[in-house]
Amino acid sequence: MTATLLLARHGQTVWHAENRYAGISDVPLTDTGHAQAAALGRWAAAHPVDAVWTSPLSRAVVTAEPACRALGLTPSREPDLRECDFGVVEGRTLAQFAREDPDAAAAFRADPAAHPFPGAEDPAAAAVRGAAALRRIAAAHDGERVLVVAHNTLLRLVLCRLLSIPLGEYRRVFPQLRNAAVTELRMEPDQVSLLSLNVPCDRGAA
């Protein structure tokens with residue numbers, strides 16, 4: 001089994017424009033987010049893509065729509081590609097949380113995997129489900145290139161798990177997956193290779 005996965009974070013949402021955690025909340029794209037989705041669609045039209053998979057959250061589904069139209073493909077939805085649940089910080093900023101609970105915020109900043117937000121999904125569990133989802137997708141598309149539209153924190157955790165990077169380092173090693181940029185992985189039975197990271201879809205090629 002060898003597949004190329006083209007990972008893309010969804011376009012900007014109304015909460016992300018304000019640096020608020022969206023998590024499992026279903027938050028719509030901004031006009032900028034729709035423009036980013038359109039750029040991803042143009043990128044997909046110019047590159048070999050055999051299939052499209054998305055998170056079930058609408059911001060990912062809507063981001064994938066221009067690419068699916070350009071390619072004449074129907075997207076598949078994978079529940080395990082949903083974003084992490086951020087617990088008490090859903091809809092809020094880290095700065096707001098820090099004012100309320102500075103010790104918990106400091107612990108999160110020091111090691112976000114060991115000290116997630118109160119009520120949040122366990123990052124290790126999120127990494128396991130997300131990595132398993134990508135492996136299933138790769139196995140279903142042997143020899144193909146697959147566009148996968150998902151989420152910032154989930155994908156960073158998954159990248160750490162697949163590339164043997166400590167989960168607690170995900171915010172440092174991968175500070176941000178940019179909206180609608182493309183990160184390319186080569187998935188093989190015994191190894192995963194990172195071929196590119198955060199390539200803007202209006203510049204260069206993954």
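Just above, that's the structure.
Anyway, here's the lowdown on the structure attached to this text. The shown structure was predicted, so the numbers you read here are calculated from the model rather than taken from an experiment.

Parameters at a glance
Residues numbered from 1 in each chain as written. Predicted model: local features only at pLDDT ≥ 70, side-chain atom pairs only at ≥ 80, totals over all residues. Heavy atoms only, no water. Buried < 20%, exposed > 50% of the residue type's maximum accessible area, 1.4 Å probe, protein only. Helix = DSSP H or I, 4+ residues; strand = E, 2+ residues; numbered from the N terminus. Pairing = 2+ DSSP bridges. Expected span 1.5 Å × (residues − 1). Contact = heavy atoms within 4.5 Å. Axes fitted to C-alpha atoms, helices over the stretch in contact; angles between N-to-C directions. Parallel < 35°, antiparallel > 145°, perpendicular 65-115°, else oblique. Nonpolar A, V, L, I, M, F, W, Y, C, P; charged D, E, K, R; others polar. Left-handed = near helix turned anticlockwise from the far one by under 90°.

**Let's talk about the pairing of strand β1 (residues 3-9)**
Here is step 1: Burial analysis of β1 places seven of its seven residues in the buried class, the great majority of the element.
Here is step 2: The side-chain alternation of β1 yields two buried faces, one formed by A3, L5, L7 and R9 and the other by T4, L6 and A8.
Here is step 3: Bridge count for β1 against strand β5 (residues 182-187) is six bridges, and the pairing is antiparallel. Paired with A8 across the bridge in β5 is V182.
Here is step 4: Bridge count for β1 against strand β4 (residues 145-150) is six bridges, and the pairing is parallel. Among the inter-strand pairings, A8 is bridged to a residue of β4, identified as V149.

**Things to note about helix α1 (residues 31-45)**
Here is step 1: With 15 residues, α1 ought to run about 21 Å at 1.5 Å a step, and its terminal C-alpha atoms sit 21 Å apart, in line with that.
Here is step 2: Of all the residues in α1, the buried ones are G33, A37, A39, L40, G41, W43 and A44.
Here is step 3: Check the buried side of α1 and you find it contacts β1, α2 (58-71), β4 and β5.

**Description of the packing of helix α5 (residues 123-140) against helix α6 (residues 152-162)**
Here is step 1: α6 packs onto α5 with a crossing angle of 80 degrees between their chain directions and a minimal axis gap of 8 Å. With respect to α6, the axis of α5 lies roughly perpendicular. In contact with P123, A126, A127, V128, R129, G130, A131, L134 and R135 of α5, α6 contributes L154, L157, V158, R161 and L162.
Here is step 2: Residues of the contact of α5 with α6, tallied by class, amount to ten nonpolar, one polar and three charged.

**Quick word on the packing of α1 against α2**
Here is step 1: Relative to each other, α1 and α2 sit at 30 degrees, their axes nearing to 7 Å. Classified by the interaxial angle, the pair formed by α1 and α2 is roughly parallel. In the crossing of α1 with α2, the sense of the turn from one axis to the other is right-handed. Residue-level contacts link H34, A37, A38, L40, G41, A44 and A45 of α1 to V62, T63, P66, A67, A70 and L71 of α2.

In short, the description is geometric, and any link to function would need to be established separately.
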